Amino acid sequence: MRPLLRQALILLVLAAVPALISGFMHRELFDDPPLAGDETTWAQVYAWQREAGAATSQPRILLIDARPSESHAASHAPGALPLNPAHWEQQLPAIIEELGRAAETRVVVYCDDALCDTSRTVAERIRRELALTNVFILKGGWRAR
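Remember, predicted model here, so these are calculated numbers, not experimental data. (Residues numbered from 1 in each chain as written. Predicted model: local features only at pLDDT ≥ 70, side-chain atom pairs only at ≥ 80, totals over all residues. Heavy atoms only, no water.)

## Looking at the overall build of the protein
And step 1. The helix and strand inventory of the protein stands at 5 helices and 5 strands.
And step 2. If you list the helices and strands of the protein from N to C, you get α-β-α-β-α-β-α-β-α-β.
And step 3. With the model as given, the accessible surface of the protein reaches about 9,500 Å², and the carbon-plus-sulfur share is 61%. (Helix = DSSP H or I, 4+ residues; strand = E, 2+ residues; numbered from the N terminus. Areas by Shrake-Rupley, 256 points an atom, 1.4 Å probe, with all protein chains shown as cover.)

This is the structure in structure tokens:
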């Protein structure tokens, strides 16, 4: 029994060494993919919020929850306003009113997770209908927090 265990351990080590070397040489495969030009992260949103709180010249942040209204009602990021395609006409006036309170605002749209495409749809519609350029999509969505 002991020689069999020893042989198994030797095979395991022999297999692990090349795997570790390969992993080290190709560690970029394990990194998160880079952000697209219109994507941001929760860490960046928090940094923007700190900057906006510290200096009045910094753009403020408006979080938009593109998830279904029931999800927003159950839980959402503090201060996030709901805006989803199903209730666009009813929810858009509150967004416009909030945007009117500050000359410069960064808009960050999120939905459930990385697989949810609603945030991209809502962000593109905001850019098109409200002619805003400072609109970002939260990479990973609500669940990335």
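## Re the state of the cysteines
Structurally, a disulfide amounts to a covalent bond that connects the sulfur atoms of two cysteines.
And step 1. The final tally for this structure, using the stated rule, is 1 disulfide.
And step 2. Residue pairing for Cys111: its cysteine sulfur links by disulfide to Cys116, the two sulfurs lying 2.3 Å apart. Because the sign of the S-S torsion sets the handedness, a value of about -135 degrees for the bond joining Cys111 and Cys116 places this disulfide among the left-handed ones. (Disulfide = S-S within 2.5 Å.)

## Observations regarding helix 4 (residues 88–99)
And step 1. With 12 residues, helix 4 ought to run about 16 Å at 1.5 Å a step, and its terminal C-alpha atoms sit 16 Å apart, in line with that.
And step 2. Trp88, Gln91, Leu92, Ile95 and Leu99 are the residues of helix 4 that are buried. Looking down the long axis of helix 4, one finds its buried residues gathered within 110 degrees of arc, a one-sided arrangement.
And step 3. Packing partners of the buried residues in helix 4 comprise strand 2 (60–65), helix 3 (69–74), strand 3 (81–82), strand 4 (105–110) and helix 5 (118–130). (Expected span 1.5 Å × (residues − 1). Buried < 20%, exposed > 50% of the residue type's maximum accessible area, 1.4 Å probe, protein only. Arc of directions from axis to C-beta. Contact = heavy atoms within 4.5 Å.)

## A word on the nonpolar core
And step 1. Membership of the largest hydrophobic core comes to 16 residues, with the highest contact counts inside it found for Ile64, Leu83, Ile95, Val107, Val109, Val122 and Ile126.
And step 2. Mapped by element, the contributors of at least two residues to this core are strand 2, helix 4, strand 4, helix 5 and strand 5 (135–138).
And step 3. If you tally residues by element for this core, the top one is helix 4, at 4 residues.
And step 4. Sequence-distant contacts of Leu83, that is, excluding residues within four places in its chain, are made with Ile64, Asp65, Ala66, Trp88, Gln91, Leu92, Ile95, Val122 and Ile126.
And step 5. The next biggest cluster of nonpolar side chains, apart from the first, holds 12 residues, and it includes Trp42, Ala80, Leu138 and Trp142. (Core = buried A, V, L, I, M, F, W, Y, C linked by side-chain atoms within 4.5 Å.)

## So, the packing of aromatic side chains
And step 1. Following the criterion strictly, the structure yields 4 aromatic pairs and no others.
And step 2. Here the aromatic rings of Trp42 and Tyr46 are separated by 5.8 Å at their centres, their planes lie at 25 degrees, and the arrangement is stacked. One end of the pair is Trp42 and the other is Tyr46, both in helix 2 (residues 42–54) and 4 residues apart, which spans about a single turn.
And step 3. Judged by relative accessible area, which is 8%, Trp42 ranks as buried.
And step 4. Since its relative accessible area comes to 40%, Tyr46 is described here as partly exposed.
And step 5. When the centroid spacing of 5.9 Å and the interplanar angle of 50 degrees are considered together, the rings of Trp42 and Tyr110 count as tilted. Residue Trp42 is found in helix 2, and its partner Tyr110 is found in strand 4; the two are separated by 68 residues along the sequence. (Phe/Tyr/Trp six-rings, centres within 6.5 Å; stacked < 30°, edge-to-face > 60°.)

## With respect to the packing of helix 4 against helix 5
And step 1. The N-to-C vectors of helix 4 and helix 5 enclose an angle of 65 degrees; their axes lie 13 Å apart at closest approach. Here helix 4 lies roughly perpendicular to helix 5, going by the angle between them. The two elements helix 4 and helix 5 meet at a crossing, and its hand is right-handed. Here Trp88, Glu89, Leu92, Ile96 and Leu99 of helix 4 come into contact with helix 5, specifically with Val122, Arg125, Ile126, Glu129 and Leu130.
And step 2. The class makeup of the residues in the contact of helix 4 with helix 5 is 7 nonpolar, no polar and 3 charged. (Axes fitted to C-alpha atoms, helices over the stretch in contact; angles between N-to-C directions. Parallel < 35°, antiparallel > 145°, perpendicular 65-115°, else oblique. Left-handed = near helix turned anticlockwise from the far one by under 90°. Nonpolar A, V, L, I, M, F, W, Y, C, P; charged D, E, K, R; others polar.)

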